[in-house]
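Understanding the architecture of this molecule
Spelled out from the first residue to the last, the chains are:
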Amino acid sequence: MPTRMLSSPSFVNISFFQPPAFLMIGIPGMEAVHGWISIPFSSMYMMALTGNCLILLAVKRTTNLHQPMYYFLSMLALTDVGLTLSTLPTTLAVLWFDHRLIGFNACLVQMFFLHFFSVVESSVLLAMSFDRFVAISSPLHYVSVLTDNVIIKMGLAIVARATVSLFPLPFLLKRLNYCPGKILLSHSFCFHADVMKRACADITVNILYGLYVVLSTVGVDSLLIVLSYILILHTVMGLASPKERLRALNTCVSHFLAVLVFYIPVIGVSMIHRFGRHLPHIVHALVAYVYLVVPPVLNPIIYSVKSKPIRRAMLRVMRLKCQQ
């Protein structure tokens, strides 16, 4: 019914068309069991929000955690909360209530914040790799290099970079002429690459700018993270004691796992959108969900398992909440 309504003849015979809404989709081919599928999705969203909010409360309320490493972890947790909230409303609306329509402007807003928090997460992971490099290569100067003012400036720079990079995207999409019959999206949320393919116009500028954003943010960040780990390994190999080497490397395990959890799905999504058009729609959907839902779920687990101070602080917050 929504498709017929939005692609009715009254919209066809015009020179410029923007759909009033797009039609989202859940898991292609599994619409009959969306109610059951919503259970694990709801659980993962709850785990992501609970775990990351616990980290934020733990760092805020524990004086011993008022250190650069844990400030950056708070940034990561806050970013994961934002990324989760970007997709939660529309995904659960589709799975719970089969509410598949999303307004054109609402779609652009969701797309902006979804990509915004992805770019911010990449930048925060880069900042955390710098934190680990300074901690291992110059432990005596660690606190003097990464002061509170420096961390605040890094945080503001991360937000400014993401905002400036992504601000043009909604306007580049808004200028396009769209096809009245192409309103069905490939996901239960709005991706830039997905939305621009609904246009009946030349999207070369959108493709090139989207590629520029990916390369200048996630691409550059990933290369600098690799470089930081090469420098860390070079520094660690210079330590005399094997025990010191192991202790130094152990401080990087959590961050390294967080990098893998974020960048592997990012690479998967990028490859599939550009070279996987022949793959079934369900593959596109599942890879996108892994990219957006799994990192916010796993990051609190990784850091709570590998970091005793974080684990203890989180348990303390939980105990206080239970007592209240």
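To be clear, the structure that these remarks concern was listed above.
These remarks concern the structure in this document. (Residues numbered from 1 in each chain as written. Predicted model: local features only at pLDDT ≥ 70, side-chain atom pairs only at ≥ 80, totals over all residues. Heavy atoms only, no water.)

**Some remarks on the overall build of the protein**
For the record, the criterion: Runs of H or I in DSSP of at least four residues are treated as helices and runs of E of at least two as strands, each being numbered from the N terminus. Our radius of gyration looks at C-alpha atoms and nothing else; its globule reference is 2.2 Å times the residue count to the power 0.38. Buried, partly exposed and exposed residues are distinguished by accessible area as a fraction of the type maximum, computed with a 1.4 Å probe on protein chains only: under 20%, between the cut-offs, and over 50%, respectively. We call two residues contacting when some pair of their heavy atoms lies within 4.5 Å. Computed with a 1.4 Å probe, the accessible areas rest on the Shrake-Rupley method; for each residue, only the protein chains presented here act as cover.
A tally of helices and strands in the protein yields 14 helices and 2 strands. Radius of gyration (C-alpha) of the protein: 22 Å, near the 20 Å computed for a compact globule of 324 residues. Viewed in the frame of its principal axes, the protein has a C-alpha envelope of about 75 × 45 × 35 Å. Within the span of the protein, comprising 324 residues, buried residues form 49% of the whole. In the protein, the proportion of contacts linking residues at least 24 apart, taken out of those at least 6 apart, comes to 79%. Entry remark: accessible area of the protein is about 16,200 Å², with carbon and sulfur atoms responsible for 72%.

**What about the nonpolar core?**
As a reminder, the rule being used: Working definition of a nonpolar core: buried Ala, Val, Leu, Ile, Met, Phe, Trp, Tyr and Cys residues. They are joined through side-chain atoms within 4.5 Å.
Core analysis: the largest hydrophobic core is formed by 95 residues, its most contacted members being Phe22, Phe72, Leu125, Leu173, Tyr178, Phe191 and Val195. In terms of residues, this core owes the most to one element, helix H5 (residues 104-137), which gives 18 residues. The residues contacting Phe22, other than those within four sequence positions of it, are Arg100, Leu101, Ile102, Phe104, Cys107, Tyr178, Lys182, Ile183, Leu185, Val195 and Arg198.

**Let's talk about the packing of helix H4 (residues 68-97) against helix H13 (residues 281-306)**
Angle between the axes and distance between the axes are the two parameters that describe a pair of packed helices. Using the following cut-off: Every axis in this analysis is a line fitted to C-alpha atoms, fitted for helices over the stretch in contact. Angles between the N-to-C directions lie between 0 and 180 degrees. Here is the rule for handedness: rotate from the far helix to the near one, and if that takes an anticlockwise turn smaller than a right angle the crossing is left-handed, while a clockwise turn gives right-handed. Lys, Arg, Asp and Glu make up the charged group, whereas Ala, Val, Leu, Ile, Met, Phe, Trp, Tyr, Cys and Pro make up the nonpolar group; the residues left over, Gly among them, are polar.
Contact geometry of H4 with H13 gives a least axis separation of 10 Å together with a crossing angle of 145°. In the crossing of H4 with H13, the sense of the turn from one axis to the other is left-handed. Between H4 and H13, the contacting residues are Leu73, Leu76, Asp80, Leu83, Thr84, Thr87 and Thr91 on the first element and Tyr289, Leu292, Pro295, Pro296, Asn299 and Tyr303 on the second. Counted by class, the contact of H4 with H13 contains 8 nonpolar, 4 polar and 1 charged residues.

**Here's the deal with a nonpolar patch on the surface**
The test is simple: Like-charged residues within 9 Å of one another, or nonpolar side chains (Val, Leu, Ile, Met, Phe, Trp, Tyr) within 5 Å, are grouped into patches, provided each residue has over 30% relative accessible area and no salt bridge. Salt bridges are counted wherever a side-chain nitrogen of Lys or Arg sits within 4 Å of a carboxyl oxygen of Asp or Glu.
Nonpolar side chains collect at one region of the surface, where Met30, Val33, Trp36 and Ile39 lie side by side and expose about 410 Å² of accessible area between them. Inspection of the secondary structure assignment puts Met30 in the loop between strand E1 (21-23) and helix H3 (34-61). Residue Met30 is classed as partly exposed on the basis of its relative accessible area of 32%.

**Thoughts on the environment of Gln110**
Here Gln110 shows up in helix H5. Classification of Gln110 as buried rests on a relative accessible area of 8%. With 118 residues separating them in the primary sequence, Gln110 and Ser228 have C-alpha atoms 33 Å apart. Among residues more than four places away in sequence, those in contact with Gln110 are Ser86, Thr87, Thr90, Ile102, Phe189 and Cys190.

**Considering unusual backbone geometry**
Positive phi values are uncommon outside glycine, yet Asp98 reaches one of about 55°. Summarising the element assignment, Asp98 is placed in the loop between H4 and strand E2 (101-103).

**A few points about the packing of aromatic side chains**
Note the following rule: Each Phe, Tyr or Trp ring (for Trp, its six-membered ring) is paired with any other whose centre lies within 6.5 Å, and the angle between the two planes then decides the class: stacked below 30 degrees, edge-to-face above 60, tilted in between.
By the definition in use, this model includes 17 aromatic pairs. With 5.1 Å between their ring centres and 50° between their planes, Phe167 and Phe171 make a pair best called tilted. Under the relative-accessibility criterion, Phe167 is labelled partly exposed at 48%. An aromatic cluster of at least three residues, connected via ring pairs, comprises Phe41, Phe189, Phe191, Tyr289 and Tyr291.

**Examining the packing of helix H12 (residues 253-275) against H13**
Quick note on the threshold: Throughout this description, any angle smaller than 35 degrees is read as roughly parallel, any larger than 145 degrees as roughly antiparallel, any in the 65 to 115 degree range as roughly perpendicular, and the remainder as oblique.
One way to put it is that H12 packs onto H13 with a least axis distance of 9 Å and a crossing angle of 175°. One element, H12, and the other, H13, form an angle in the roughly antiparallel class. Between H12 and H13, the contacting residues are Val253, Ser254, His255, Leu257, Ala258, Val261, Phe262, Pro265, Val266, Gly268, Val269 and Ile272 on the first element and Val283, His284, Val287, Ala288, Val290, Tyr291, Pro295, Leu298, Asn299, Ile302, Tyr303 and Lys306 on the second. Per-class residue counts for the contact of H12 with H13 are 18 nonpolar, 5 polar and 1 charged.

**A few points about the state of the cysteines**
Under the convention used in this document: Our working definition of a disulfide is a cysteine sulfur pair at a distance within 2.5 Å.
Inspection of the entire model under this criterion finds 2 disulfides. Here Cys107 connects covalently by a disulfide to Cys190, the sulfurs 2.0 Å from one another. Between Cys107 and Cys190 the disulfide shows an S-S torsion of about -125°. By sign, it is left-handed. Taken together, the residues Cys107 in helix H5 and Cys190 in the loop between helix H8 (168-174) and helix H9 (192-196) connect sequence positions 83 residues apart. Using a relative accessible area of 0% as the deciding quantity, one classes Cys190 as buried. Across the disulfide from Cys179 sits Cys200; the S-S distance is 1.2 Å. Judged by the torsion about the S-S bond (120°), the Cys179/Cys200 disulfide is right-handed. In this pair, Cys179 sits in the loop between H8 and H9 while Cys200 sits in the loop between H9 and helix H10 (204-237), placing the two residues 21 residues apart along the sequence. By sequence-ordered numbering of the bonded cysteines, the protein has its disulfides arranged as 1-3, 2-4.

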